[in-house]
Amino acid sequence: MFCDPGIDDSLAIMYAILDPEIELVGIVASYGNVTKDQATANAAYLLELAGRSDIPVIPGASMPVTEEETVFYPEIHGQEGIGPIQPPENFQYRIYPFDMIRHIIEKYKDEVIIVDTGRSTTLATAFILFPEYIEMVNSFYVMGGAFFVPGNATALAEANFYGDPTSSNFVLKYAHNLTITPLNVTQQAVLTEEMVRAISNNDKNMYANLLEPIFQYYFDFYKKSVPGIQGAPIHDLLTVMVVKNPSIVEYIYYDATVIEATEAKGMSYIDYRPTAEKGKTRIAVKLHYEAFIEELRKVMLQD
């Protein structure tokens, strides 16, 4: 899992740890919602709470390939990235070198799935450094983009693709067996207060006491930015969920491109004209909400 925790990335990590059918074999933490160092600490802290410090945490990129100023989002995710929650000041954890990515792929070749819920910089770097190992990866899942719907970083662009459109284009071009979960579906994956209360009262979930304060911070932002919304969309958790539950969303198959400059920076698009050729990239466009909630309950409530 390549990520930048971040509240929804953190929820995705929790979900991956709790789901007995998912084997999380490594986390690569990079800049995005917070700095690379904070993202790395947050990932390690979530693993520590679950007693899973055996899972390697690998620091990734600290900035995009372009030389523009990196923007963080404390108003959405909090100063430390997990809302009001933060690792202890004296928290000690082990980190692994970037080359660990190569070792993990080699160990699980043809089975390993890479899920990227952050900026694409680090994954693009792995493509460049380890091309023969990237060929061993089974498939790729990327949270990013917005097709026929508004963006969230700008009117046109989703935040991950906006943060480093050059790297996003690189990944979209070279990743095989690629699935994109854009805002089309992730903004529909709304976690409600009722569900959070149920999870928080579940003593089988080692993250139960974190959920309510994290969610409330996230929800407070969305109530201001999307008036009338009934909960908070958990973009990155849905991306992890789709890996083993592909039928909870519907897809179209087109090759996508991200605009790298001008006022449309970060905008993702496909050639949707009737005469255009379809592509190999699987793009999620519609969420089956009840199926999403059912799977969420099964894992987070340990039903």
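See the structure printed just above.
In this report, we go over the structure that sits alongside the text. What you see is a predicted model; the values in this text were computed from it and never measured.

### Brief notes about the overall build of the chain
For step 1, the next point in the chain: Broken down by element type, the chain carries 13 helices and 12 strands.
For step 2, the next point in the chain: Its C-alpha atoms give the chain a radius of gyration of 18 Å, near enough to 19 Å, the size a compact globule of 303 residues would have.
For step 3, the next point in the chain: Sequence separation of 24 or more characterises 80% of the internal contacts of the chain that already satisfy a separation of 6 or more.
For step 4, the next point in the chain: Summing over all exposed atoms, the chain offers an accessible surface of approximately 13,700 Å²; the carbon and sulfur share of this is 50%.

### Considerations on the environment of Leu-24
For step 1, the next point in the chain: Looking at where Leu-24 falls in the secondary structure, it is placed in the loop between helix H1 (7-18) and strand E2 (27-29).
For step 2, the next point in the chain: Sequence spacing of Leu-24 and Arg-94 is 70 residues, and the spatial spacing of their C-alpha atoms is 17 Å.
For step 3, the next point in the chain: Contact partners of Leu-24, with chain neighbours within four places excluded, come to Met-1, Ala-16, Ile-17, Leu-47 and Ile-55.

### Let's talk about the nonpolar core
Note on soluble globular proteins: their nonpolar side chains tend to be buried together.
For step 1, the next point in the chain: Ranked by size, the top nonpolar core spans 64 residues in total, and within it Tyr-207, Phe-292 and Leu-296 carry the most contacts.
For step 2, the next point in the chain: Here this core takes 9 residues from H1, the largest share from any one element.
For step 3, the next point in the chain: Those residues in contact with Phe-292 that sit more than four places away from it in its chain are Ala-189, Val-190, Ile-234, Leu-238, Met-241, Ile-248 and Leu-287.
For step 4, the next point in the chain: Residues Phe-2, Val-28, Val-142 and Val-171 belong to the second largest nonpolar core, which totals 33 residues.

### Things to note about the packing of aromatic side chains
For step 1, the next point in the chain: Summed over the entire model, instances satisfying the criterion amount to 12 aromatic pairs.
For step 2, the next point in the chain: Aromatic side chains Phe-98 and Phe-130 sit 6.1 Å apart centroid to centroid with 25° between the ring planes, which places their arrangement in the stacked category. Here Phe-98 is found in the loop between helix H3 (74-77) and helix H4 (100-107), whereas its partner Phe-130 is found in the loop between helix H5 (121-129) and helix H6 (131-134), with 32 residues between them in sequence.
For step 3, the next point in the chain: With a centroid separation of 5.2 Å and 80° between ring planes, the pair formed by Phe-221 and Tyr-222 is classed as edge-to-face.
For step 4, the next point in the chain: A relative accessible area of 21% places Phe-221 in the partly exposed class.

### Some points on unusual backbone geometry
Outside of glycine, negative phi angles account for most residues, and trans bonds account for most peptide bonds.
For step 1, the next point in the chain: Put simply, Pro-5 and Gly-6 share a cis peptide bond, and its omega is 0°.
For step 2, the next point in the chain: The backbone phi angle of Phe-148 is positive, close to 70°, even though this residue is not glycine.
For step 3, the next point in the chain: Judged by its relative accessible area of 56%, Phe-148 is exposed.
For step 4, the next point in the chain: Not every positive phi belongs to a glycine, and Asn-177 is a case in point at roughly 45°.
For step 5, the next point in the chain: Of note, Asn-177 is situated in the loop between helix H8 (165-174) and strand E6 (178-181).
For step 6, the next point in the chain: Residue classification places Asn-177 among the exposed residues on the basis of a relative accessible area of 53%.

### Description of the side chain of Ser-168
For step 1, the next point in the chain: Along the polypeptide, Ser-168 turns up in helix H8.
For step 2, the next point in the chain: Overall, Ser-168 belongs to the buried group, its relative accessible area being 1%.
For step 3, the next point in the chain: If near-sequence neighbours (up to four positions away) are discounted, Ser-168 is found in contact with Ser-120, Asn-160, Phe-161 and Val-258.

### Re helix H12 (residues 235-244)
For step 1, the next point in the chain: Within H12, 8 of the 10 residues are buried, leaving the element largely enclosed by the surrounding structure.
For step 2, the next point in the chain: Along H12, the positions that sit buried rather than exposed are His-235, Asp-236, Leu-237, Leu-238, Thr-239, Val-240, Met-241 and Val-242.

### Let's talk about the environment of Ala-159
For step 1, the next point in the chain: Positionally, Ala-159 belongs in helix H7 (residues 159-163).
For step 2, the next point in the chain: The buried category is assigned to Ala-159, whose relative accessible area is 16%.
For step 3, the next point in the chain: Considering only alpha carbons, one finds Ala-159 and Glu-48, 111 residues apart in sequence, at a separation of 28 Å.
For step 4, the next point in the chain: In this structure Ala-159 touches Arg-119, Asn-152 and Ala-153, once residues within four positions along its chain are discounted.

### Describing the side chain of Glu-158
For step 1, the next point in the chain: Residue position: Glu-158 is located in the loop between strand E5 (139-143) and H7.
For step 2, the next point in the chain: Notably, Glu-158 is buried but unbridged: the nearest opposite-charge side chain belongs to Arg-119, and the N-O separation is 5.8 Å.
For step 3, the next point in the chain: Among the polar contacts listed, one links the side chain of Glu-158 to the backbone nitrogen of Gly-145, at a separation of 2.9 Å.
For step 4, the next point in the chain: Looking at Glu-158, its side chain comes within polar contact range of the main-chain nitrogen of Asn-160, at 2.7 Å.
For step 5, the next point in the chain: Among residues more than four places away in sequence, those in contact with Glu-158 are Met-143, Gly-144, Gly-145, Ala-146, Gly-151, Asn-152, Ala-153, Leu-183 and Gly-266.

### Some details on the environment of Asp-110
For step 1, the next point in the chain: Take Asp-110: it is sitting in the loop between H4 and strand E4 (113-116).
For step 2, the next point in the chain: Look at Asp-110 and you get exposed, because its relative accessible area is 54%.
For step 3, the next point in the chain: Taking the C-alpha atoms as reference points, Asp-110 and Leu-237, separated by 127 residues in sequence, lie 24 Å from one another.
For step 4, the next point in the chain: With residues up to four places along the chain from it excluded, the contact list for Asp-110 reads Met-136 and Asn-138.

### Some words on the pattern of salt bridges
For step 1, the next point in the chain: One pass over the full model with this rule turns up 9 salt bridges.
For step 2, the next point in the chain: The salt bridge partner of Glu-21 is Lys-244, with a shortest N-O separation of 3.5 Å. Here the residue Glu-21 occupies a position in the loop between H1 and E2, and Lys-244 occupies one in helix H12, the gap between them amounting to 223 residues.
For step 3, the next point in the chain: Judged by relative accessible area, which is 24%, Lys-244 ranks as partly exposed.
For step 4, the next point in the chain: With its nearest N and O atoms 3.2 Å apart, the salt bridge here joins Lys-298 to Glu-295. One end of the pair, Lys-298, and the other, Glu-295, are both in helix H13 (residues 289-300), 3 residues apart, so they sit about a helical turn from each other.

Rules of the game
Residues numbered from 1 in each chain as written. Predicted model: local features only at pLDDT ≥ 70, side-chain atom pairs only at ≥ 80, totals over all residues. Heavy atoms only, no water. Helix = DSSP H or I, 4+ residues; strand = E, 2+ residues; numbered from the N terminus. Rg over C-alpha atoms; globule rule 2.2 N^0.38 Å. Contact = heavy atoms within 4.5 Å. Areas by Shrake-Rupley, 256 points an atom, 1.4 Å probe, with all protein chains shown as cover. Core = buried A, V, L, I, M, F, W, Y, C linked by side-chain atoms within 4.5 Å. Buried < 20%, exposed > 50% of the residue type's maximum accessible area, 1.4 Å probe, protein only. Phe/Tyr/Trp six-rings, centres within 6.5 Å; stacked < 30°, edge-to-face > 60°. Lys, Arg positive; Asp, Glu negative; His and termini not counted. Salt bridge = Lys/Arg side-chain N within 4 Å of Asp/Glu carboxyl O. Polar contact = N/O pair within 3.5 Å; in protein donor to acceptor, adjacent residues only side chain to side chain.

Nothing here speaks to function; it is geometry throughout.
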